[in-house]
Amino acid sequence: MTASELNFLVVEDDDFQRRMVVSMLRSLGATEVQEAGNGRQALEMLHAGHARSVDIVLCDMDMPEMDGMEFLRHLGQENNAAAVIILSMLERVLLVSVEKMSEAYGVKLLGSVEKPLTLAQLEGLILRYKRGSSRARQLSGAVQVFTLEEIRQGMKARQFEPYFQPKTDMKTGRLMGAEALARWVHPEYGVIAPYAFIPLLERAKEMDELTFMMLEKSVVACRTLQDKGHSLVISVNLSLTSLTDITLADRVTRLVLDAGVDPHSIVLEVTESAAMTDVAHALENLARLRMHGFGLSIDDFGTGYASMQQLMRIAFSELKIDQSFVKDIAHNEALRIVVESSISLARKLRVKSVAEGVETRQDWDTLKSLDCDIAQGYFIAKPMTLDAFLAFAESGAKEL
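No experiment lies behind these values; they were computed from the predicted model shown.

A. Inspection of the pattern of salt bridges at higher detail. A full pass over the atoms with the stated rule returns 22 salt bridges. With a closest N to O distance of 2.7 Å, E12 and K115 form a salt bridge. Here E12 is found in the loop between β1 (7–11) and α1 (15–27), whereas its partner K115 is found in the loop between β5 (108–114) and α5 (119–126), with 103 residues between them in sequence. With respect to burial, E12 and K115 carry one shared label: buried. For R152, the salt bridge identified is with E206, shortest N-O distance 2.5 Å. One end of the pair, R152, is in helix α7 (residues 148–156); the other, E206, is in the loop between α8 (198–203) and α9 (207–227), and 54 residues separate them in sequence. Among the charged side chains, a network of salt bridges with common partners joins K167, E179, E269, E318, K320 and E356.

Here it is as C-alpha coordinates:
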(Lines give C-alpha, C1' and ligand atoms only; values in the text may rest on other atoms or scores of the structure.)
Protein backbone atom coordinates (compact mmCIF):
# COMPACT_ATOMS: atom_id res chain seq x y z
CA MET A 1 0.00 0.00 0.00
CA THR A 2 1.13 3.59 -0.58
CA ALA A 3 1.58 6.25 2.08
CA SER A 4 -1.39 8.23 0.77
CA GLU A 5 -3.73 5.37 1.75
CA LEU A 6 -2.48 5.04 5.33
CA ASN A 7 -2.69 6.80 8.70
CA PHE A 8 0.57 7.33 10.61
CA LEU A 9 1.63 8.10 14.17
CA VAL A 10 5.22 9.31 14.74
CA VAL A 11 6.46 8.75 18.31
CA GLU A 12 9.73 10.66 18.81
CA ASP A 13 10.89 12.96 21.62
CA ASP A 14 13.38 14.97 19.55
CA ASP A 15 11.42 17.77 17.85
CA PHE A 16 13.79 18.11 14.89
CA GLN A 17 13.91 14.37 14.15
CA ARG A 18 10.13 14.06 14.55
CA ARG A 19 9.60 16.91 12.05
CA MET A 20 12.02 15.24 9.63
CA VAL A 21 10.08 11.96 9.72
CA VAL A 22 6.77 13.78 9.30
CA SER A 23 8.23 15.70 6.33
CA MET A 24 9.40 12.44 4.73
CA LEU A 25 5.97 10.88 5.14
CA ARG A 26 4.28 13.88 3.55
CA SER A 27 6.76 13.81 0.64
CA LEU A 28 5.66 10.18 0.06
CA GLY A 29 2.03 11.33 -0.14
CA ALA A 30 0.84 10.80 3.44
CA THR A 31 -1.99 13.08 4.48
CA GLU A 32 -2.90 11.62 7.89
CA VAL A 33 0.14 11.99 10.19
CA GLN A 34 -0.15 12.42 13.97
CA GLU A 35 2.67 13.11 16.42
CA ALA A 36 3.58 12.16 19.99
CA GLY A 37 6.62 13.10 22.07
CA ASN A 38 6.93 9.77 23.93
CA GLY A 39 5.23 6.43 24.46
CA ARG A 40 2.90 7.71 27.17
CA GLN A 41 1.52 10.47 24.96
CA ALA A 42 1.09 8.01 22.10
CA LEU A 43 -0.88 5.59 24.30
CA GLU A 44 -3.05 8.40 25.61
CA MET A 45 -3.87 9.40 22.03
CA LEU A 46 -4.74 5.81 21.13
CA HIS A 47 -6.90 5.36 24.23
CA ALA A 48 -8.66 8.69 23.68
CA GLY A 49 -9.58 7.64 20.16
CA HIS A 50 -7.53 10.33 18.41
CA ALA A 51 -5.32 7.71 16.75
CA ARG A 52 -7.56 4.67 16.81
CA SER A 53 -7.38 4.24 13.04
CA VAL A 54 -3.57 4.41 12.92
CA ASP A 55 -2.13 1.92 10.42
CA ILE A 56 1.60 2.43 11.06
CA VAL A 57 3.46 3.70 14.13
CA LEU A 58 7.02 4.97 13.68
CA CYS A 59 8.60 4.72 17.10
CA ASP A 60 11.89 5.83 18.67
CA MET A 61 13.33 3.70 21.51
CA ASP A 62 15.09 6.13 23.89
CA MET A 63 12.39 8.54 25.12
CA PRO A 64 11.48 10.14 28.49
CA GLU A 65 8.51 9.07 30.67
CA MET A 66 7.81 5.94 28.60
CA ASP A 67 10.46 4.56 26.26
CA GLY A 68 9.83 2.68 23.03
CA MET A 69 10.14 -0.79 24.52
CA GLU A 70 7.48 -0.15 27.15
CA PHE A 71 5.24 1.43 24.51
CA LEU A 72 5.61 -1.64 22.27
CA ARG A 73 4.80 -3.91 25.23
CA HIS A 74 1.53 -2.03 25.80
CA LEU A 75 0.75 -2.08 22.09
CA GLY A 76 1.15 -5.86 21.96
CA GLN A 77 -0.73 -6.56 25.19
CA GLU A 78 -3.67 -4.46 23.97
CA ASN A 79 -3.73 -6.31 20.62
CA ASN A 80 -3.55 -2.96 18.86
CA ALA A 81 -3.97 -3.25 15.10
CA ALA A 82 -1.17 -0.85 14.15
CA ALA A 83 2.02 -2.06 12.49
CA VAL A 84 5.34 -0.69 13.76
CA ILE A 85 8.56 0.69 12.31
CA ILE A 86 11.30 1.04 14.93
CA LEU A 87 13.60 4.08 14.61
CA SER A 88 16.67 4.11 16.83
CA MET A 89 20.35 4.88 17.31
CA LEU A 90 20.81 1.62 19.23
CA GLU A 91 23.51 -0.81 18.10
CA ARG A 92 22.27 -3.31 15.51
CA VAL A 93 22.66 -6.29 17.86
CA LEU A 94 20.43 -4.55 20.43
CA LEU A 95 17.90 -3.61 17.75
CA VAL A 96 17.63 -7.30 16.85
CA SER A 97 16.77 -8.06 20.49
CA VAL A 98 14.10 -5.35 20.46
CA GLU A 99 12.66 -6.81 17.25
CA LYS A 100 12.41 -10.26 18.83
CA MET A 101 10.85 -8.76 21.96
CA SER A 102 8.25 -6.94 19.84
CA GLU A 103 7.31 -10.10 17.95
CA ALA A 104 7.07 -12.01 21.24
CA TYR A 105 4.55 -9.40 22.45
CA GLY A 106 2.56 -9.92 19.25
CA VAL A 107 3.42 -6.59 17.62
CA LYS A 108 3.18 -6.52 13.82
CA LEU A 109 6.70 -5.34 13.00
CA LEU A 110 7.51 -3.97 9.55
CA GLY A 111 11.18 -3.53 10.42
CA SER A 112 13.74 -1.43 12.25
CA VAL A 113 16.05 1.29 11.00
CA GLU A 114 19.17 2.80 12.50
CA LYS A 115 19.01 6.59 12.45
CA PRO A 116 19.31 8.66 10.36
CA LEU A 117 16.32 7.38 8.38
CA THR A 118 16.42 7.77 4.61
CA LEU A 119 13.45 8.31 2.32
CA ALA A 120 14.20 5.07 0.43
CA GLN A 121 14.26 3.06 3.68
CA LEU A 122 10.98 4.57 4.81
CA GLU A 123 9.26 3.91 1.48
CA GLY A 124 10.50 0.31 1.43
CA LEU A 125 9.17 -0.40 4.93
CA ILE A 126 5.79 1.17 4.17
CA LEU A 127 5.45 -1.04 1.09
CA ARG A 128 5.66 -4.08 3.41
CA TYR A 129 2.39 -3.09 5.06
CA LYS A 130 -0.72 -5.08 4.27
CA ARG A 131 -3.99 -3.94 5.77
CA GLY A 132 -5.65 -6.70 7.80
CA SER A 133 -2.39 -8.55 8.43
CA SER A 134 -1.82 -7.44 12.00
CA ARG A 135 -2.13 -9.75 14.95
CA ALA A 136 -5.12 -7.84 16.30
CA ARG A 137 -7.04 -8.28 13.08
CA GLN A 138 -6.07 -11.95 12.89
CA LEU A 139 -7.49 -12.42 16.35
CA SER A 140 -10.66 -10.47 15.68
CA GLY A 141 -12.47 -13.57 14.43
CA ALA A 142 -13.47 -16.40 16.75
CA VAL A 143 -10.81 -19.05 17.27
CA GLN A 144 -12.33 -22.51 17.41
CA VAL A 145 -11.12 -24.58 20.36
CA PHE A 146 -11.43 -28.36 20.25
CA THR A 147 -11.42 -30.93 22.99
CA LEU A 148 -9.21 -34.01 22.90
CA GLU A 149 -12.29 -36.17 22.41
CA GLU A 150 -13.37 -34.14 19.36
CA ILE A 151 -9.89 -34.57 17.89
CA ARG A 152 -10.07 -38.33 18.53
CA GLN A 153 -13.40 -38.47 16.73
CA GLY A 154 -11.89 -36.58 13.80
CA MET A 155 -9.05 -39.09 13.60
CA LYS A 156 -11.46 -41.98 13.83
CA ALA A 157 -13.31 -40.50 10.82
CA ARG A 158 -9.91 -40.02 9.06
CA GLN A 159 -10.61 -36.32 8.54
CA PHE A 160 -6.93 -35.41 8.75
CA GLU A 161 -5.12 -34.88 5.45
CA PRO A 162 -1.61 -33.97 4.35
CA TYR A 163 -1.24 -30.62 2.62
CA PHE A 164 1.91 -30.40 0.51
CA GLN A 165 4.27 -27.42 0.59
CA PRO A 166 6.75 -27.49 -2.31
CA LYS A 167 10.52 -27.67 -1.72
CA THR A 168 12.76 -26.29 -4.45
CA ASP A 169 16.40 -26.87 -5.34
CA MET A 170 17.99 -23.44 -5.03
CA LYS A 171 20.75 -24.11 -7.56
CA THR A 172 18.48 -25.22 -10.39
CA GLY A 173 15.13 -23.73 -9.36
CA ARG A 174 13.53 -27.13 -9.92
CA LEU A 175 10.85 -28.70 -7.76
CA MET A 176 12.41 -31.56 -5.82
CA GLY A 177 9.71 -32.50 -3.33
CA ALA A 178 7.33 -31.31 -0.66
CA GLU A 179 6.70 -31.37 3.06
CA ALA A 180 3.44 -33.03 4.08
CA LEU A 181 1.78 -30.85 6.72
CA ALA A 182 -1.14 -32.13 8.77
CA ARG A 183 -4.47 -30.35 8.32
CA TRP A 184 -7.83 -31.24 9.82
CA VAL A 185 -10.48 -30.99 7.09
CA HIS A 186 -13.38 -30.44 9.47
CA PRO A 187 -16.89 -30.99 8.04
CA GLU A 188 -18.20 -27.86 9.82
CA TYR A 189 -15.23 -25.53 10.30
CA GLY A 190 -13.21 -26.24 7.17
CA VAL A 191 -9.43 -26.60 7.14
CA ILE A 192 -7.98 -26.44 10.67
CA ALA A 193 -4.29 -25.63 11.24
CA PRO A 194 -2.12 -27.95 13.40
CA TYR A 195 -1.86 -25.58 16.40
CA ALA A 196 -5.49 -26.52 17.18
CA PHE A 197 -4.80 -30.24 17.61
CA ILE A 198 -1.11 -31.22 17.78
CA PRO A 199 -0.35 -29.71 21.25
CA LEU A 200 -3.31 -31.61 22.76
CA LEU A 201 -2.25 -34.88 21.14
CA GLU A 202 1.34 -34.46 22.29
CA ARG A 203 0.31 -33.71 25.88
CA ALA A 204 -1.95 -36.78 25.86
CA LYS A 205 0.87 -38.86 24.28
CA GLU A 206 -1.47 -39.75 21.42
CA MET A 207 0.58 -38.58 18.43
CA ASP A 208 1.13 -42.08 17.02
CA GLU A 209 -2.23 -42.37 15.28
CA LEU A 210 -1.89 -38.98 13.58
CA THR A 211 1.75 -39.69 12.64
CA PHE A 212 0.84 -42.94 10.91
CA MET A 213 -2.26 -41.48 9.25
CA MET A 214 -0.14 -38.68 7.76
CA LEU A 215 2.59 -41.12 6.78
CA GLU A 216 0.16 -43.53 5.15
CA LYS A 217 -1.61 -40.81 3.14
CA SER A 218 1.68 -39.13 2.21
CA VAL A 219 3.17 -42.39 0.96
CA VAL A 220 0.07 -43.01 -1.18
CA ALA A 221 0.49 -39.47 -2.55
CA CYS A 222 4.15 -40.18 -3.27
CA ARG A 223 3.16 -43.31 -5.19
CA THR A 224 0.55 -41.32 -7.15
CA LEU A 225 3.10 -38.66 -8.07
CA GLN A 226 5.61 -41.28 -9.19
CA ASP A 227 3.00 -43.07 -11.31
CA LYS A 228 2.43 -39.76 -13.11
CA GLY A 229 6.14 -39.36 -13.80
CA HIS A 230 7.16 -37.09 -10.90
CA SER A 231 10.11 -38.56 -8.95
CA LEU A 232 9.76 -36.31 -5.92
CA VAL A 233 10.79 -36.70 -2.30
CA ILE A 234 8.06 -36.30 0.31
CA SER A 235 8.94 -35.18 3.85
CA VAL A 236 6.75 -36.27 6.77
CA ASN A 237 6.97 -35.05 10.36
CA LEU A 238 7.83 -37.60 13.01
CA SER A 239 7.12 -36.73 16.62
CA LEU A 240 9.79 -37.56 19.20
CA THR A 241 7.08 -39.08 21.37
CA SER A 242 6.55 -41.76 18.70
CA LEU A 243 10.22 -42.76 18.86
CA THR A 244 9.87 -44.33 22.29
CA ASP A 245 8.16 -47.35 20.65
CA ILE A 246 10.99 -49.71 19.69
CA THR A 247 8.89 -51.22 16.88
CA LEU A 248 8.38 -47.85 15.15
CA ALA A 249 11.15 -48.20 12.54
CA ASP A 250 9.94 -51.60 11.37
CA ARG A 251 6.31 -50.43 11.24
CA VAL A 252 7.23 -47.36 9.18
CA THR A 253 9.40 -49.39 6.81
CA ARG A 254 6.70 -52.01 6.28
CA LEU A 255 4.04 -49.35 5.59
CA VAL A 256 6.20 -47.65 2.95
CA LEU A 257 7.33 -50.83 1.22
CA ASP A 258 3.79 -52.24 1.16
CA ALA A 259 2.71 -49.10 -0.74
CA GLY A 260 5.35 -49.80 -3.37
CA VAL A 261 7.48 -46.77 -2.46
CA ASP A 262 11.26 -46.78 -2.07
CA PRO A 263 12.24 -45.46 1.40
CA HIS A 264 14.75 -43.18 -0.35
CA SER A 265 11.72 -41.16 -1.54
CA ILE A 266 10.68 -40.37 2.03
CA VAL A 267 12.34 -37.94 4.46
CA LEU A 268 11.30 -38.08 8.10
CA GLU A 269 11.54 -34.70 9.80
CA VAL A 270 12.35 -34.99 13.48
CA THR A 271 11.68 -31.85 15.49
CA GLU A 272 14.18 -30.92 18.18
CA SER A 273 11.76 -28.62 19.98
CA ALA A 274 11.16 -31.25 22.66
CA ALA A 275 13.64 -33.09 24.82
CA MET A 276 14.47 -36.66 23.81
CA THR A 277 13.19 -38.58 26.84
CA ASP A 278 14.01 -42.17 25.84
CA VAL A 279 17.34 -41.67 24.12
CA ALA A 280 18.28 -45.32 23.54
CA HIS A 281 14.97 -46.31 21.86
CA ALA A 282 14.89 -43.11 19.82
CA LEU A 283 18.45 -43.54 18.57
CA GLU A 284 17.83 -47.19 17.65
CA ASN A 285 14.68 -46.28 15.70
CA LEU A 286 16.40 -43.45 13.85
CA ALA A 287 19.48 -45.51 13.04
CA ARG A 288 17.31 -48.35 11.73
CA LEU A 289 15.23 -45.96 9.60
CA ARG A 290 18.39 -44.46 8.13
CA MET A 291 19.76 -47.95 7.47
CA HIS A 292 16.59 -48.83 5.55
CA GLY A 293 17.14 -45.83 3.25
CA PHE A 294 14.93 -43.10 4.73
CA GLY A 295 16.22 -39.56 4.81
CA LEU A 296 16.29 -37.91 8.24
CA SER A 297 15.90 -34.18 8.74
CA ILE A 298 16.65 -32.31 11.95
CA ASP A 299 13.70 -29.90 11.95
CA ASP A 300 13.64 -26.41 13.52
CA PHE A 301 17.42 -26.46 13.84
CA GLY A 302 18.70 -24.06 16.49
CA THR A 303 15.42 -23.59 18.35
CA GLY A 304 15.26 -26.63 20.62
CA TYR A 305 17.35 -28.93 22.73
CA ALA A 306 21.06 -29.72 22.24
CA SER A 307 21.27 -29.08 18.50
CA MET A 308 24.94 -29.96 18.20
CA GLN A 309 24.54 -33.08 20.31
CA GLN A 310 21.64 -34.22 18.12
CA LEU A 311 23.74 -33.71 14.98
CA MET A 312 26.59 -35.77 16.41
CA ARG A 313 24.57 -38.78 17.54
CA ILE A 314 21.99 -39.10 14.74
CA ALA A 315 22.81 -39.79 11.09
CA PHE A 316 20.80 -36.90 9.67
CA SER A 317 20.77 -36.33 5.92
CA GLU A 318 19.25 -32.87 6.12
CA LEU A 319 19.54 -29.81 8.37
CA LYS A 320 16.42 -27.67 8.33
CA ILE A 321 16.90 -24.03 9.28
CA ASP A 322 13.94 -22.71 11.26
CA GLN A 323 11.84 -19.95 9.70
CA SER A 324 12.51 -17.64 12.66
CA PHE A 325 16.09 -17.32 11.37
CA VAL A 326 15.06 -16.98 7.73
CA LYS A 327 12.42 -14.27 8.10
CA ASP A 328 13.93 -10.85 7.35
CA ILE A 329 17.36 -12.38 6.64
CA ALA A 330 17.94 -9.87 3.84
CA HIS A 331 17.67 -6.93 6.28
CA ASN A 332 19.17 -8.44 9.44
CA GLU A 333 22.92 -9.00 9.59
CA ALA A 334 22.77 -11.10 12.77
CA LEU A 335 20.24 -13.50 11.22
CA ARG A 336 22.30 -13.72 8.05
CA ILE A 337 25.38 -14.74 10.07
CA VAL A 338 23.43 -17.43 11.97
CA VAL A 339 22.00 -18.87 8.74
CA GLU A 340 25.35 -18.71 6.95
CA SER A 341 26.96 -20.62 9.84
CA SER A 342 24.22 -23.27 9.74
CA ILE A 343 24.62 -23.72 5.98
CA SER A 344 28.40 -23.99 6.38
CA LEU A 345 27.93 -26.57 9.16
CA ALA A 346 25.60 -28.62 6.96
CA ARG A 347 28.07 -28.53 4.08
CA LYS A 348 30.97 -29.67 6.30
CA LEU A 349 28.82 -32.50 7.66
CA ARG A 350 27.88 -33.40 4.06
CA VAL A 351 24.16 -33.03 4.61
CA LYS A 352 21.63 -30.87 2.74
CA SER A 353 20.68 -27.45 4.10
CA VAL A 354 16.97 -26.60 3.89
CA ALA A 355 15.57 -23.15 4.66
CA GLU A 356 11.89 -22.91 5.61
CA GLY A 357 9.79 -19.76 5.77
CA VAL A 358 11.17 -18.22 2.55
CA GLU A 359 8.59 -15.50 1.89
CA THR A 360 10.18 -12.93 -0.43
CA ARG A 361 12.47 -12.65 -3.43
CA GLN A 362 15.02 -11.00 -1.14
CA ASP A 363 14.92 -14.02 1.21
CA TRP A 364 15.46 -16.31 -1.79
CA ASP A 365 18.32 -14.26 -3.26
CA THR A 366 20.10 -13.96 0.09
CA LEU A 367 19.86 -17.70 0.79
CA LYS A 368 21.02 -18.52 -2.72
CA SER A 369 24.06 -16.27 -2.28
CA LEU A 370 24.86 -18.25 0.88
CA ASP A 371 24.70 -21.54 -1.09
CA CYS A 372 21.67 -22.95 0.69
CA ASP A 373 20.57 -26.20 -1.02
CA ILE A 374 16.78 -26.26 -0.70
CA ALA A 375 14.09 -23.66 0.01
CA GLN A 376 10.50 -23.90 1.21
CA GLY A 377 8.00 -21.14 1.93
CA TYR A 378 5.24 -18.87 0.68
CA PHE A 379 7.52 -17.30 -1.95
CA ILE A 380 7.45 -20.66 -3.71
CA ALA A 381 3.94 -21.77 -2.72
CA LYS A 382 1.62 -22.27 0.24
CA PRO A 383 0.70 -25.79 1.45
CA MET A 384 -1.89 -27.32 -0.89
CA THR A 385 -4.00 -30.42 -1.47
CA LEU A 386 -2.57 -33.34 -3.43
CA ASP A 387 -4.59 -32.41 -6.52
CA ALA A 388 -3.29 -28.85 -6.39
CA PHE A 389 0.26 -30.03 -5.81
CA LEU A 390 0.03 -32.42 -8.75
CA ALA A 391 -1.14 -29.53 -10.95
CA PHE A 392 1.71 -27.40 -9.55
CA ALA A 393 4.24 -30.11 -10.46
CA GLU A 394 2.77 -30.66 -13.92
CA SER A 395 2.75 -26.94 -14.72
CA GLY A 396 6.49 -26.83 -14.30
CA ALA A 397 6.10 -25.34 -10.81
CA LYS A 398 7.29 -21.73 -10.57
CA GLU A 399 10.06 -19.91 -12.39
CA LEU A 400 12.58 -18.79 -9.78
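B. View of the sheet that holds strand β3 (residues 56–60). Taken in spatial order, the five strands of this open sheet run β2-β1-β3-β4-β5, and their pairing is parallel. Bordering the open sheet on either side are β2 (32–36) and β5, each of which pairs with just one other strand. Neighbour-to-neighbour, the strand axes of this sheet turn through a mean angle of 15°, independent of strand direction. Sheet topology places strand β4 (residues 83–88) next to β5; six bridges connect them, and they run parallel. Bridge assignment links A83 to a residue of β5, and that residue is K108. Packed onto the sheet, helix α4 (residues 92–104) meets β4 and β5 and runs at close to 170° relative to β5. Sitting on the sheet, α5 is in contact with β1, β3, β4 and β5, with an inclination near 170° to β5.

C. Looking closely at the nonpolar core. By size, the foremost hydrophobic cluster in this structure holds 61 residues, and its most contacted members are I234, V252, I266, L268, L367 and F389. Excluding anything up to four places from it in sequence, V252 contacts F212, L215, L268, L289 and F294. Counting 23 residues, the second-largest nonpolar core is a separate cluster that includes M45, F71, L72 and L95.

D. Highlighting unusual backbone geometry. The amide bond that connects K115 to the next residue, P116, takes the cis arrangement and shows omega of 5°. Mapped onto the elements, P116 comes out in the loop between β5 and α5. Phi angles above zero are rare outside glycine, and E65 is one such case at about 70°. Positionally, E65 belongs in the loop between β3 and α3 (68–77). Backbone geometry places N79, a non-glycine residue, at a positive phi of 55°. Residue position: N79 is located in the loop between α3 and β4.

E. Representation of the environment of G396 in the model. The residue G396 is located in the segment after α16 (386–394) in this model. Given a relative accessible area of 48%, G396 falls into the partly exposed group. For the pair G396 and V96, spaced 300 residues apart in the sequence, the C-alpha separation amounts to 38 Å.

F. Geometry of the pairing of β4. Of all six residues that make up β4, six are buried, and the element is covered over most of its length. Residue alternation in β4 divides its side chains into two sets, A83, I85 and L87 and V84, I86 and S88, and both sets are buried. Relative to β4, β3 runs parallel, the two being bridged by five bridges. Within β4, the position partnered with D60 by the bridge is L87. In this region the chain leaves β3, passes through α3 and returns to the parallel neighbour β4; the handedness of that crossover is right-handed.

G. Quick look at the packing of aromatic side chains. Inspection of the entire model under this criterion finds seven aromatic pairs. Pairing F146 with Y189 gives two aromatic rings, centres 5.8 Å apart and planes at 75°, and the pair type is edge-to-face. Here the residue F146 occupies a position in the loop between α6 (135–138) and α7, and Y189 occupies one in the loop between β7 (175–186) and β8 (190–192), the gap between them amounting to 43 residues. With centroids separated by 5.0 Å and ring planes inclined at 75°, the aromatic side chains of F160 and F197 adopt a geometry described as edge-to-face. Of this pair, F160 sits in strand β6 (residues 160–169) while F197 sits in the loop between β8 and α8, and the two are 37 residues apart along the sequence. Following the ring pairs from residue to residue traces out a cluster consisting of F146, F160, W184, Y189 and F197.

H. Spotlight on helix α10 (residues 248–258). All of the buried residues along α10 are L248, A249, V252, T253, L255 and V256. Projected onto a plane normal to the axis of α10, the buried residues spread over an arc of 160° and lie on a single side. Contact partners of the buried residues in α10: α9, β9 (233–238), β10 (266–271) and α11 (279–291). Once α10 finishes, G260 follows within two positions and takes phi at roughly 75°, a positive value.

I. Looking closely at the packing of α10 against α11. Closest axis-to-axis distance for the α10/α11 pair is 8 Å, and the angle between their directions is 30°. The orientation of α10 relative to α11 falls into the category roughly parallel. Considering only the axes of α10 and α11, their crossing is right-handed. Here L248, A249, D250, V252 and T253 of α10 lie close against α11, whose contacting residues are N285, R288 and L289. Split into classes, the residues belonging to the contact of α10 with α11 amount to four nonpolar, two polar and two charged.

J. Here's a closer look at the side chain of K167. Mapped onto the secondary structure, K167 falls in strand β6. Only 3.0 Å separates the side chain of K167 from the side chain of S235, close enough to count as a polar contact.

Parameters at a glance
- Residues numbered from 1 in each chain as written.
- Predicted model: local features only at pLDDT ≥ 70, side-chain atom pairs only at ≥ 80, totals over all residues.
- Heavy atoms only, no water.
- Salt bridge = Lys/Arg side-chain N within 4 Å of Asp/Glu carboxyl O.
- Helix = DSSP H or I, 4+ residues; strand = E, 2+ residues; numbered from the N terminus.
- Buried < 20%, exposed > 50% of the residue type's maximum accessible area, 1.4 Å probe, protein only.
- Pairing = 2+ DSSP bridges.
- Axes fitted to C-alpha atoms, helices over the stretch in contact; angles between N-to-C directions.
- Contact = heavy atoms within 4.5 Å.
- Core = buried A, V, L, I, M, F, W, Y, C linked by side-chain atoms within 4.5 Å.
- Right-handed = clockwise from strand over helix to strand, strands pointing away.
- Phe/Tyr/Trp six-rings, centres within 6.5 Å; stacked < 30°, edge-to-face > 60°.
- Arc of directions from axis to C-beta.
- Parallel < 35°, antiparallel > 145°, perpendicular 65-115°, else oblique.
- Left-handed = near helix turned anticlockwise from the far one by under 90°.
- Nonpolar A, V, L, I, M, F, W, Y, C, P; charged D, E, K, R; others polar.
- Polar contact = N/O pair within 3.5 Å; in protein donor to acceptor, adjacent residues only side chain to side chain.

Taken by themselves, the reported measurements are silent on function.
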